[in-house]
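# Structural features, examined
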Amino acid sequence: MATFNLTINGKKHTVDVSPQMPLLWVLRDVIGLTGTKFGCGIAQCGACTVHIGNAAVRSCVYPVSSVGTEKVITIEGLSANGDHPVQKAWEEIDVPQCGYCQSGQIMAAAALLKSNPHPTDEEINEAMTNICRCATYTRIKKAIKQVGAKV
């Protein structure tokens, strides 16, 4: 066990966990932020995507010891009232079907749009590697384009 001081969604947390514990389990089981989902556990599906610094990261394979002093943003911290432009576009386009992967999809899309406000279809395909078992990819792409068009 080791002690880590984390800044998550702008709030400081001190946790005493194994340095190898994936950030996902620290978020869900230690801190109680359950918006970030467990999907595959091998960083393939992206349901566990969070932001560390400005990057979208798969938290299921990211050891808590690697966070360092970087700020962590989860779906709960993306906006105070669910009104981040990506969240609003998701709602307007009616993107979710079952919804399980959507927090990871939204976090990946927000990171993409922060670094590239007007992505092409090809850039969206390259950046959005999250898996949606309901295959809402067309609506996801449309929502990302909608946000880009408003910037």
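One can find the structure itself at the top, above this paragraph.
Residues numbered from 1 in each chain as written. Predicted model: local features only at pLDDT ≥ 70, side-chain atom pairs only at ≥ 80, totals over all residues. Heavy atoms only, no water.

## Here we look at the pairing of strand S4 (residues 55-58)
Note that strand S3 (residues 49-52) and S4 share four bridges and pair antiparallel. Note on S4: the bridge partner recorded for His 51 is Ala 56. Between the end of S3 and the start of S4, which pair antiparallel, lie two residues, with Gly 53 showing a positive phi angle near 65°. (Pairing = 2+ DSSP bridges. Helix = DSSP H or I, 4+ residues; strand = E, 2+ residues; numbered from the N terminus.)

## Quick notes on unusual backbone geometry
For Asn 9, which is not glycine, the phi dihedral falls at a positive 55°. Backbone geometry at Ala 43 places phi at a positive 65°, although glycine is not the residue there. Turning to its location among the elements, Ala 43 is positioned in the loop between helix H1 (23-31) and S3.

## Comments concerning the sheet that holds strand S5 (residues 71-73)
Strand order in the open sheet made by the five strands is S2-S1-S5-S3-S4, with mixed pairing throughout. The sheet terminates laterally at strand S2 (11-17) and S4, the two strands that pair on one side only. Averaged over all pairs of adjacent strands, the angle between strand axes in this sheet comes to 40°, irrespective of strand direction. Sheet contacts for H1: strand S1 (2-8), S2, S3 and S5; angle to S2, the most-contacted strand, approximately 100°. (Axes fitted to C-alpha atoms, helices over the stretch in contact; angles between N-to-C directions. Contact = heavy atoms within 4.5 Å.)

## As for the pattern of salt bridges
For the structure shown, the criterion picks out two salt bridges. Here Lys 145 and Asp 121 are joined by a salt bridge, their closest N and O atoms 3.3 Å apart. Residue Lys 145 is found in helix H5 (residues 137-150), and its partner Asp 121 is found in helix H4 (residues 121-127); the two are separated by 24 residues along the sequence. Relative accessible area serves as the criterion here: at 35%, Lys 145 is assigned to the partly exposed category. (Salt bridge = Lys/Arg side-chain N within 4 Å of Asp/Glu carboxyl O. Buried < 20%, exposed > 50% of the residue type's maximum accessible area, 1.4 Å probe, protein only.)

## Notes on the nonpolar core
In this structure, Val 86, Trp 90, Met 128 and Ile 144 are the most contacted members of the largest nonpolar core, which totals 20 residues. Listing elements by their share of this core, those giving two or more residues are helix H2 (85-93), helix H3 (102-115) and H5. The greatest single-element share of this core, amounting to seven residues, is contributed by H3. For Ile 144, the contacting residues outside a window of four places in its chain are Trp 90, Ala 109, Leu 112, Leu 113, Pro 119, Ile 124 and Met 128. Membership of the second largest hydrophobic core comes to 16 residues, among which are Val 15, Val 17, Leu 27 and Val 57. (Core = buried A, V, L, I, M, F, W, Y, C linked by side-chain atoms within 4.5 Å.)

## Let's talk about H3
Given 3.6 residues to a turn, an α-helix orients residues that are three or four positions apart in the same direction. The end-to-end C-alpha distance of H3, which contains 14 residues, comes to 20 Å, matching closely the 20 Å that a straight helix rising 1.5 Å per residue would cover. With respect to burial, H3 is a largely interior element, 12 of its 14 residues being buried. Gln 102, Ser 103, Gly 104, Gln 105, Ile 106, Met 107, Ala 108, Ala 109, Ala 110, Ala 111, Leu 112 and Leu 113 are the residues of H3 that are buried. Looking at the packing, one finds that the buried side of H3 touches S3, S4, S5, H2, H4 and H5. (Expected span 1.5 Å × (residues − 1).)

## Re the packing of aromatic side chains
Scanning the model with the defined rule gives one aromatic pair in all. Measuring from centroid to centroid gives 5.2 Å for Trp 25 and Phe 38, while their planes differ by 35°, and the two rings are tilted. A residue pair is termed long-range when its members are at least 10 positions apart, and Trp 25 in helix H1 and Phe 38 in the loop between H1 and S3 qualify at 13 residues. Judged by relative accessible area, Trp 25 falls into the partly exposed class, the value being 27%. (Phe/Tyr/Trp six-rings, centres within 6.5 Å; stacked < 30°, edge-to-face > 60°.)

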